Amino acid sequence: MTKFYYTLLFFSLSLLAFSQTRTYTTSRTQQPPHIDGQLTDDCWQNAVWTGDFVQFEPNSGAAPSQQTRFAIVYDDNNLYVAIKALDTEPDKIVRRVSRRDVADGDAVAIAIDSYEDKMTAFSFLVSAAGSKTDWRQTEGNGEDNSWDPIWEAKTSLQPDGWYAEIRIPYSQLRFGKKTEYRWGLEVMRHVYRHQERSFWQPIDKASAKFIGDFGTLEGIRNISPKKDIEIVPFALSQLTLSEKEEGNPFATGTQTKASVGVDGKISLTNDITLNFTINPDFGQVEADPSVVNLSNFETYFNEKRPFFVEGSNIYHYPFDLTNNERNKLFYSRRLGREPQLSYDTKDGEYLREPGRTNILGAVKVSGKTRRGTSIGVLNAVTQKMFSEIDRSGERSKYAVEPMSNYFVGRLEQDLDSGNLIVGGIFTATNRKIDEQQFESLSGSAYTGGLNLTKYWKDKSYFITARAFFSHLQGSEVAMIRLQKSSARYYQRPDARHLELDTERTSLSGLGGSLSGGKTSGHFNVLGFSSWSSPGLEFNDIGFKPNADMFMNGVWAAWNEWRPKGIVNEYRFNGSLYNVRDFSGTSLGWGNEAFGYIQFTNYYDIAGGMNLDHPGVSNSMLRGGPALRTSGVVNSWFSIESDSREKLSMEYDMSFTHGFENSRRSISYGLDITYKPNNRLSLSLYPQYVKASNRQQYVRTVSGENPVYILSSIDQNIASMSVRVNYGITPDMSLQWYALPYLFSGNYYDFKTVTNPKADKFNDRFTPMEPYNYDNPDFHFLQFRSNLVYRWEYKPGSVLYLVWSQGRTVNGKDGAFRFRDYVSDLFKAAPQNDFLMKVSYAWIF
């Protein structure tokens, strides 16, 4: 009975702590502190210190293992924060040096809601080693880690723990002009060795809110918002060394490049900022991973270029709840893409092709007003691009990408204290069609959408509705290309609801999505529905591989974060979904289940299974009739060791089994991370995939009665990503990334599709003997690496030294021979790129 009363008292006190909003009252300092991490300045001796942090994890609501105290003062230009991370075992403090935005080890952070809207927060984190991380967070939309404000932080190791001292200029926050401020405030402490996170203002893990539950910072009076101007010119030089090709005037073995440009940021108002870039170059950005795509759909790559990553949250407009990244109106990788057209060389000709489209300039205007209006406007102009042709010393050019203008406008309004959000987006792509070959591209493409989200009961429940449209204009050739694209295949002979119109000069489409449910507490449930008409097309500036579909589904989950026995936390979820096209034909339905368990020793296991029942594919024959598909079971499993240790590992496996032996695959991966000291981190991820598919598309033989040829294919993929990170100082780092990638595809058992809707797999095809076309067997070998030295020698000013190497081998043999492939790859002639880029920030 005594245990019961103690338990009841604990939960009563926890609920009381969670329900009370704390307030910290700051004071003005006449003498600003010297930021050195020692906290010996007079202002800190006279400041009000507070603490009483409460655990957020692993034991939500419990007292932390170590005490934390902080104080805040301010002057006309800056907010100053002092944090004492007290520790009874200071020799166990983890102080790992890392580059910006990847802080590791013990850390403290402060988050400020200067808009006072309980929806937006600016967060500043510093590790015990002095490495900085910063992010801008929006309630419901997650964290924007690309935000890189200019601020100052220093740390020091002390006998009673470690201290942090922070200076945050008002120019890096956003607030309006008034006499007195009541900003939202949260202070966080992370004790690495316990994987323990605690907050000054207690946060209930069952709550759907985070920023809305912040405490309050009072006492700031008579300050003025600061409008900062940052002008950052840069210069770049690059040397490319590659194999010299005899007789090819474009392959001399040496190529040089030099360019200059400028980036900038200007505060138009206290709330709205303009960012611009002129003649940008992103040579320091890590290359995309190697991939072989045998499908008819485009590969999605993540955005890594700083100008487009920073502040991208405002432009993030997903189509529905289920495909956040792969279905959206704005995909910034369209800007500066690889040219869409190419030149077919003739005998005796040599060709030099541009690898990407040059961006002449881009500008962004973004921010959030005091009235809760979020604004985002982006415009970019790309250059007309040419391939160069040499024939017996005579040079000519062939245009492969038109000059284009890309525009995105986004507007969103918070109402009812953030419980009602309404907004919209509009995009426009306009191309200058001044070459005959450009007739295959749409001259203009417009897309747009409206969105509404309503929350209830402290954001525990929500409903979100979105509506979309697209309208494209161009030549008859361009519209035929769009109608025949893999997103819709209007030419399908059995599509009763589609018709290929060879005379149309425009294409329009509509779509929408509806989702809602409960996202707080232990039990969560969501329902979702989305639809897109056959003509809906986002891909000029967005990303949407599929149109002509309805999707409906439901998802439910149970989360438990209260440690019990040997388990720290666990979560399980499952879903059920169905997909149809606009004719009402069911394309398939499936279920998915997932589970995750973390133990008290911080090992964890995860696993899941997905069952796609037999269905129909409208795209497998690439414009041919719909093909019945066998069901597929996908399953996966992983186990991970304690990531706090110097040596940690994660092993993962996945399996695929197709009904009627239609396909099978298995993959193995082992992720190894080793941190021998506080500066060096090594990671290695070898992976092997073996897959077999009995219905791989090969070709279509055109004619009055087209013949669709499929085959079986055995695929083998071996890769190993390697990363080495060395933190020299918090502002200086060295990183090396390498990825050898080996792929082979062996085709056999060729067959023609004769009865695409037959119930049994083997009845759909007729064996093809002999196969009288070119053998499609191939192998693809590639090695990519980047070595990057980065030094932020003054706030906002950075020096990059980069060495990139690439090797590629293409072969016609599909039998997987690991030893030979490795030998062939590293015997291949490399291309080495050496780059130096330096920028200098003027801040006014």
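Residues numbered from 1 in each chain as written. Predicted model: local features only at pLDDT ≥ 70, side-chain atom pairs only at ≥ 80, totals over all residues. Heavy atoms only, no water.

I would appreciate a short explanation of the overall build of the protein in the present structure.
Along its length, the protein carries five helices and 47 strands. Relative to the globule expectation of 28 Å for 844 residues, the C-alpha radius of gyration of the protein, 29 Å, shows essentially globular dimensions. With the principal axes as the frame, the protein shows a C-alpha extent of 90 × 70 × 55 Å. Of the roughly 38300 Å² that the protein leaves accessible, carbon and sulfur atoms contribute 53%. Taking the average place of the 92 positive charges on the side chains of the protein and the average place of its 96 negative ones, the gap between the two points comes to 2 Å. (Helix = DSSP H or I, 4+ residues; strand = E, 2+ residues; numbered from the N terminus. Rg over C-alpha atoms; globule rule 2.2 N^0.38 Å. Areas by Shrake-Rupley, 256 points an atom, 1.4 Å probe, with all protein chains shown as cover. Lys, Arg positive; Asp, Glu negative; His and termini not counted. Charge placed at Lys NZ, Arg CZ, Asp CG, Glu CD.)

I keep staring at a negative patch on the surface and nothing clicks. Help me out?
Negative charge collects at one region of the surface, where Glu476, Glu499, Asp501 and Glu503 lie side by side. Along the polypeptide, Glu476 turns up in helix H4 (residues 476-483). Glu476 gets classed as partly exposed once you look at its relative accessible area, which sits at 39%. (Patch = residues over 30% accessible without salt bridge, like charges linked within 9 Å, V, L, I, M, F, W, Y side chains within 5 Å. Salt bridge = Lys/Arg side-chain N within 4 Å of Asp/Glu carboxyl O. Buried < 20%, exposed > 50% of the residue type's maximum accessible area, 1.4 Å probe, protein only.)

For this particular structure, what's the right way to read the packing of aromatic side chains?
Aromatic ring pairs are defined here through the distance separating the ring centres and the angle between the ring planes. A full pass over the atoms with the stated rule returns 39 aromatic pairs. Ring centres of Tyr343 and Tyr398 lie 5.2 Å apart, and the angle between their planes is 55°; on these two criteria the pair is classed as tilted. Of this pair, Tyr343 sits in the loop between helix H3 (306-309) and strand S20 (349-352) while Tyr398 is found in strand S24 (residues 394-401), placing the two residues 55 residues apart along the sequence. Using a relative accessible area of 22% as the deciding quantity, one classes Tyr398 as partly exposed. Through a chain of ring-to-ring contacts, the aromatic side chains of Tyr115, Phe122, Phe124, Trp147 and Trp151 assemble into a single cluster. If you follow Lys132 out to its NZ or CZ, it ends over the ring of Trp151, 4.9 Å from the centre. (Phe/Tyr/Trp six-rings, centres within 6.5 Å; stacked < 30°, edge-to-face > 60°. Lys NZ or Arg CZ within 6 Å of the ring centre and 35° of its normal.)

What exactly am I supposed to notice about the sheet that holds strand S4 (residues 68-74) here?
Sheet strands line up and pair through hydrogen bonds in the backbone, either parallel or antiparallel. Taking strand neighbours across the sheet as the criterion, the five strands line up as S2-S4-S5-S13-S12 in an open arrangement whose pairing is mixed. Each of the sheet's edge strands pairs with one partner strand only, and the pair in question is strand S2 (27-28) and strand S12 (152-158). Examined bridge by bridge, strand S5 (residues 78-86) and strand S13 (residues 161-169) share nine bridges and lie antiparallel to one another. The residue bridging Val81 from the neighbouring strand is Ile166, located in S13. (Pairing = 2+ DSSP bridges.)

Which parts of the structure should I look at to understand the sheet that holds strand S23 (residues 385-391)?
The three strands are arranged S20-S23-S24 in an open sheet whose pairing can be described as antiparallel. Two strands bound the open sheet, and with one partner strand each, they are S20 and S24. On average, each strand axis in the sheet is tilted by 25° relative to the strand beside it, whichever way the strands run. Bridging between S20 and S23 involves four bridges; their strand directions are antiparallel. From the neighbouring strand, Glu349 faces S23, where its bridge partner is Arg391. (Axes fitted to C-alpha atoms, helices over the stretch in contact; angles between N-to-C directions.)

Please clarify how the confidence of the model for the protein should be interpreted in this entry.
As a general rule, the predicted coordinates of low-pLDDT regions are not to be interpreted in detail. This prediction gives the protein a mean pLDDT of 93; 97% of its residues lie at or above 70. Contacts of residues 1-17 to residues separated by more than four positions or lying in other chains number five contacts, the stretch itself having pLDDT below 50. (pLDDT = per-residue confidence, 0-100. Contact = heavy atoms within 4.5 Å.)

Honestly, the pattern of salt bridges in this entry has me stumped. Any pointers?
Where charged atoms from two side chains of opposite charge come close, those side chains can pair. Within the structure shown, the criterion is met by 46 salt bridges. For the salt bridge of Asp134 with Arg100, the shortest nitrogen-to-oxygen distance reads 2.6 Å. In this pair, Asp134 sits in strand S10 (residues 132-138) while Arg100 sits in the loop between strand S6 (95-96) and strand S7 (104-105), placing the two residues 34 residues apart along the sequence. With respect to burial, Asp134 and Arg100 carry one shared label: buried. Glu660 is the partner of Arg764 in a salt bridge, and the nearest nitrogen-oxygen pair spans 3.6 Å. In this pair, Arg764 is assigned in the loop between strand S42 (732-753) and strand S43 (765-767) and Glu660 in the loop between strand S38 (647-658) and strand S39 (663-674), connecting sequence segments 104 residues apart. Since its relative accessible area comes to 0%, Arg764 is described here as buried. One connected set of salt bridges, linked through shared partners, spans Asp87, Glu89, Lys92, Arg189 and Arg193.

Please explain unusual backbone geometry as it appears in this structure.
Trans peptide bonds make up most of the peptide bonds, and negative phi angles are found at most residues other than glycine. Pro58 follows Glu57 through a cis peptide bond whose omega is 10°. The residue Pro58 is located in the loop between strand S3 (54-57) and S4 in this model. Cis rather than trans, the peptide bond between Glu769 and Pro770 has omega equal to -10°. Of note, Pro770 is situated in the loop between S43 and strand S44 (778-794). Positive phi is not limited to glycine here, since Leu39 has a value of about 60°. Looking at the secondary structure, you find Leu39 in the loop between S2 and helix H2 (42-46).

I'm lost on the layout of surface pockets in this one. Help?
With a probe scaled to a water molecule rolled over the atoms, the places where space remains empty come into view. Its boundaries defined by the atoms lining it, the second largest pocket holds a volume of some 460 Å³. As for the second largest pocket, its lining consists of 21 residues, of which Glu298, Arg481, Ser485, Glu537 and Asn539 are closest to the centre. Residue classes in the lining of the second largest pocket are distributed as seven nonpolar, six polar and eight charged. (1 Å grid on protein atoms, 1.4 Å probe; cavity = no way out; pocket = protein on both sides within 12 Å on 5 of 7 lines; lining within 4 Å. Points joined across faces, edges and corners; volume = space filled by probe spheres on them. Nonpolar A, V, L, I, M, F, W, Y, C, P; charged D, E, K, R; others polar.)

Can you walk me through the pairing of strand S34 (residues 604-612) in this structure?
When a strand is regular, its side chains alternate between the sheet's two faces. Of the strand pairs in this sheet, strand S33 (residues 586-599) and S34 are connected by nine bridges, and their pairing is antiparallel. Along S34, the bridge assignment pairs Ala593 with Met609. Connecting the antiparallel pair S33 and S34 is a turn made up of four residues, with Tyr602 showing a positive phi of about 65°. Pairing geometry for S34 and strand S37 (residues 632-640), over nine bridges, is antiparallel. Residue pairing for S37: Asp612 is matched across the bridge by Val632.

In this structure, what is going on with empty space enclosed by the protein? I would like to understand it.
This structure, assessed with the given rule, holds two cavities of 30 Å³ or more. Considered as a void within the structure, the second largest cavity measures approximately 50 Å³ in volume. Lining the second largest cavity are Arg100, Gly130, Lys132, Pro730, Asp731, Arg790 and Glu792. Within the lining of the second largest cavity, the residues separate by chemical class into one nonpolar, one polar and five charged.

How should a nonpolar patch on the surface be read in this particular structure?
A surface patch of nonpolar side chains, amounting to about 590 Å² of accessible area, comprises Trp456, Tyr461, Ile463, Leu514, Trp531, Phe550 and Phe582. Secondary-structure assignment places Phe582 in the loop between strand S32 (567-580) and S33. By relative accessible area, Phe582 is classed as partly exposed at 31%.

I'm lost on the nonpolar core in this one. Help?
The nonpolar side chains of soluble globular proteins are, as a tendency, buried together. Ranked by internal contacts, the top residues of the largest apolar core, which has 47 residues, are Trp44, Phe70, Ile72, Leu79, Ile110, Trp183 and Leu185. Contributing elements (two or more residues each) for this core: H2, S4, S5, strand S8 (107-113), strand S9 (120-127), S13, strand S14 (180-191) and strand S16 (215-221). The biggest single contributor to this core is S5, with six residues. Grouped together as the second largest cluster of nonpolar side chains are 22 residues, Phe307, Ile314, Tyr406 and Val408 included. (Core = buried A, V, L, I, M, F, W, Y, C linked by side-chain atoms within 4.5 Å.)

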